[in-house]
Amino acid sequence: MNQKILIIGSSGQIGTELVLKLRQIYGNENVIASDIRKANYEVMESGPFELLDVMNKDDIYEVVEKYNIKQVYLMAAMLSAIAERNPKKAWDLNMNSLFNILDLAKDKVIDRIFWPSSIAVFGPDTPKEETPQNTIIKPITVYGISKLAGENWCAYYHDKYGVDVRSVRYPGIISYKTTPGGGTTDYAVEIFYEAIRRKSYASFLTKNTTLPMMYMDDAIDATIKLMQADNTGEYIAYNIAALSFSPKELAVAIQKYIPEFEMNYKPDTRQEIADSWPKSIDDSKANNDWDWKAKIDLDQLVKSMLQGLHYLK
Ligand code: AKB
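What counts, and at which threshold
- Each chain carries its own residue numbering, running from 1 in the written order of its sequence.
- pLDDT decides what is reported in this predicted model: residues at 70 or higher carry local features, side-chain atom pairs at 80 or more are listed and counted, and totals for whole chains, interfaces and linings draw on all residues regardless.
- By convention in this description, side-chain values take in all heavy atoms of the structure and omit both hydrogens and water.
- Pairs were defined over the aromatic rings of Phe, Tyr and Trp, the Trp ring being its six-membered one, requiring ring centres within 6.5 Å. Orientation was assigned from the angle between planes: stacked under 30 degrees, edge-to-face over 60, tilted for the rest.
- Runs of H or I in DSSP of at least four residues are treated as helices and runs of E of at least two as strands, each being numbered from the N terminus.
- Each residue's exposure class comes from its accessible area (1.4 Å probe, protein chains only) as a fraction of the maximum for that residue type: buried when under 20%, exposed when over 50%, partly exposed otherwise.
- A positively charged side chain is recorded as over a ring if its NZ (Lys) or CZ (Arg) lies within 6 Å of the ring centre. The angle to the ring normal must also be within 35 degrees.
- By definition, the arc is the one covered by directions from the helix axis to the C-beta atoms.
- We call two residues in contact when some of their heavy atoms are within 4.5 Å.
- A 3.5 Å cut-off defines polar contacts: any pair of N or O atoms within that distance qualifies, except that in protein one atom must be a possible hydrogen donor and the other a possible acceptor, and neighbouring residues in sequence count only when both atoms are side-chain atoms.
- Angles shown run from 0 to 180 degrees and are taken between the N-to-C directions of axes, each axis being a line fitted to C-alpha atoms and, for helices, limited to the stretch in contact.
- An angle below 35 degrees is treated as roughly parallel, one above 145 as roughly antiparallel, one from 65 to 115 as roughly perpendicular, and anything else as oblique.
- Helix crossings get a hand from a simple test, with the near helix turned counterclockwise from the far one by less than a right angle marking a left-handed crossing and a clockwise turn marking a right-handed one.
- Each residue gets one of three labels, nonpolar for Ala, Val, Leu, Ile, Met, Phe, Trp, Tyr, Cys and Pro, charged for Asp, Glu, Lys and Arg, and polar for the others, Gly among them.
- Here, proximity means that at least one heavy atom of the residue falls within 4 Å of the molecule or strand.
- Points on a 1 Å grid over protein atoms alone make up a cavity when a 1.4 Å probe fits among them but cannot get out, and a pocket when they form an open set with protein on both sides within 12 Å along at least five of seven lines; lining residues each have an atom within 4 Å of a point.
- In this description, a molecule resides in a pocket or cavity if more than half of its atoms sit within 2 Å of the grid points defining it.
- Grid points are joined across faces, edges and corners, and a volume is the space filled by probe spheres set on the points.
- Domain limits in this description derive from either an automatic procedure or a database domain assignment.
- Definition used for salt bridges: Asp or Glu carboxyl oxygen within 4 Å of a side-chain nitrogen of Lys or Arg.

## Quick look at the packing of aromatic side chains
Counted according to the given criterion, the structure contains 12 aromatic pairs. Here tyrosine 73 and phenylalanine 114 contribute two aromatic rings whose centre-to-centre distance is 5.8 Å and whose plane-to-plane angle is 35°, an arrangement assigned as tilted. Here the residue tyrosine 73 occupies a position in strand β4 (residues 69–74), and phenylalanine 114 occupies one in strand β5 (residues 112–114), the gap between them amounting to 41 residues. Exposure remark for tyrosine 73: the relative accessible area of 1% places this residue in the buried category. Taken together through their ring pairs, the aromatic side chains of Phe99, Trp153, Tyr156, Tyr157 and Tyr161 make up a single cluster. Here lysine 106 stacks its cationic end above the ring of tyrosine 161, 4.6 Å away from the centre of that ring. Arginine 270 extends its terminal NZ or CZ atom over the ring of phenylalanine 204, reaching a point 3.5 Å from the ring centre.

Okay, here's the thing in structure tokens:
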């Protein structure tokens, strides 16, 4: 393969594991990791890495030329909770990074883009259960607004300039290799570290706040599957789903393996964001179009997390 892949945001939660999986599939030298900060040891050691600021168009262009990049996965973004504290900065980062990459495809320098959207595009007026692919979409967060605008810009570049850009709407992603930062669903990762370390955790969401979630392996699988799928001829930011649970349900699932684990609830400003999001997602369109189906259930997720964090063998 002399057409190489660039991952921007390779030091983040999803970027880290995406690089490792893509290197397994396409070969270490064909997958270039890049981020504004260094990545984890496995990413740094297994293949090329470039320090790159996604806001700097010239630097991106240089890296793309240097390696003959043909596909870009743009994983750098400011997530929901932190974006509420830095609205303008979040908008600038989330939108300008996207334009920088869309323009590379418009100018025919690269052939294909993956750009992640999120369940954050949905808002309080959206049906909460089995949220359909096409429905009322009126986000109330800065992050959600940027993701919705991004979806519309991707559709525009696709329709006007023939850009091949592909998206899924990620739910909360749970993993152990790299922690997430600044999201509303982050409690579902933090809880594992605290359950192991302190045998207790104070959730920043109330006990019955049910949200759509997914284990990292399924998220990576969906991402790569969509990028490998035949071109459908239209831009769709696909709903993808795996499981839904509340902090209370996750605590009970952890107690199966750590019976002394205790959960407390101290909701903060992130509660309002969570309350505006769906409880479950209908992903039948992804299922029909590119045969997507999540594999990992709640018990498998808990076990894998506790194994990954060396609590279970
Ligand atoms: C967040 O909580 O902001 C993210 C997301 C759902 O996109 N995990």
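And the narrative resumes.
## Looking at helix α12 (residues 298–308)
In an α-helix there are 3.6 residues to a turn, and that puts residues three or four apart on one side. Three or more residues of α12 are buried, namely Leu301, Val302, Met305, Leu306 and Gly308. Buried residues of α12 fall within an arc of 165° about the axis and therefore sit on the same side. Along its buried surface, α12 packs onto β8 (172–174), α7 (187–197), β10 (211–215), β12 (243–245) and α9 (247–255). One side-chain oxygen of the residue at the start of α12 lies 3.2 Å from the amide nitrogen of aspartate 299, identifying that residue as aspartate 297. Phi turns positive, to about 65°, at histidine 310, one or two residues after α12.

## Describing the packing of helix α1 (residues 13–26) against helix α8 (residues 216–228)
Interhelical geometry of α1 versus α8 gives an angle of 55° and a closest axis separation of 10 Å. It follows from the interaxial angle that α1 and α8 lie oblique. When you trace α1 past α8, the crossing you get is right-handed. The segment α1 lies against α8, with Gln13, Ile14, Glu17, Leu18, Lys21, Leu22, Ile25 and Tyr26 engaging Met216, Ile220, Thr223, Ile224 and Gln228. Taken together, the residues of the contact of α1 with α8 sort by class into 8 nonpolar, 3 polar and 2 charged.

## Considerations on the site of the ligand
Lining the immediate surroundings of the ligand are Leu79, Ser80, Ser118, Ile119, Tyr143, Gly183, Thr184, Thr185 and Trp277. In this structure, serine 80 approaches the ligand through a side-chain N or O atom, which is 2.6 Å from an oxygen atom. Between a nitrogen atom of the ligand and a side-chain N or O atom of threonine 185, the distance comes to 2.9 Å. Under a 2 Å grid-point criterion requiring more than half of the atoms, the pocket assigned to the ligand is the largest pocket.

## Regarding the layout of surface pockets
As a volume, the largest pocket reaches approximately 950 Å³. What lines the largest pocket is a set of 40 residues, and nearest its centre among them are Met75, Ala77, Met78, Leu79 and Gly181. Among the elements of the structure, α1, α4 (80–85), α5 (87–106), β6 (117–118), α6 (142–161) and β8 are those that each provide at least two residues to the lining of the largest pocket. Both domains that meet at the lining of the largest pocket, namely domain 1 (4–171 + 214–239) and domain 2 (174–212 + 243–308), each give it at least three residues. What lines the second largest pocket is a set of 13 residues, among which Glu17, Lys21, Gln24, Asp217 and Ile220 lie closest to the centre. Put simply, the parts of the chain that give the lining of the second largest pocket at least two residues each are α1 and α8. Across the lining of the second largest pocket, the residue classes tally to 7 nonpolar, 1 polar and 5 charged.

## Considering the packing of α5 against α6
The geometry of α5 relative to α6 is characterised by a closest axis approach of 10 Å and an angle of 15° between their N-to-C directions. Overall, the two elements α5 and α6 adopt an arrangement that is roughly parallel. Here α5 and α6 pass one another in a crossing that is right-handed. Residues Pro87, Ala90, Trp91, Asn94, Met95, Leu98, Phe99, Leu102, Asp103 and Lys106 of α5 form the contact with α6, whose own contacting residues are Val142, Tyr143, Ile145, Ser146, Ala149, Gly150, Trp153, Cys154, Tyr157 and Tyr161. Within the contact of α5 with α6, the residues separate by chemical class into 15 nonpolar, 3 polar and 2 charged.

## A word on the pattern of salt bridges
In this structure the tally under the stated criterion is 14 salt bridges. For aspartate 125, the salt bridge identified is with lysine 138, shortest N-O distance 3.6 Å. Taken as a pair, aspartate 125 in the loop between β6 and α6 and lysine 138 in the loop between β6 and α6 lie far apart in primary sequence, 13 residues in all. Relative accessible area serves as the criterion here: at 52%, lysine 138 is assigned to the exposed category. Note that lysine 256 is salt-bridged to aspartate 299, the shortest N-O span being 3.2 Å. Of this pair, lysine 256 sits in the loop between α9 and β13 (262–265) while aspartate 299 sits in helix α12; the two residues are 43 residues apart in sequence, bridging distant segments of the chain. A network of salt bridges, in which partner residues are shared, links Arg112, Asp164 and Arg166.

Just geometry here; none of it tells us what the structure is for.
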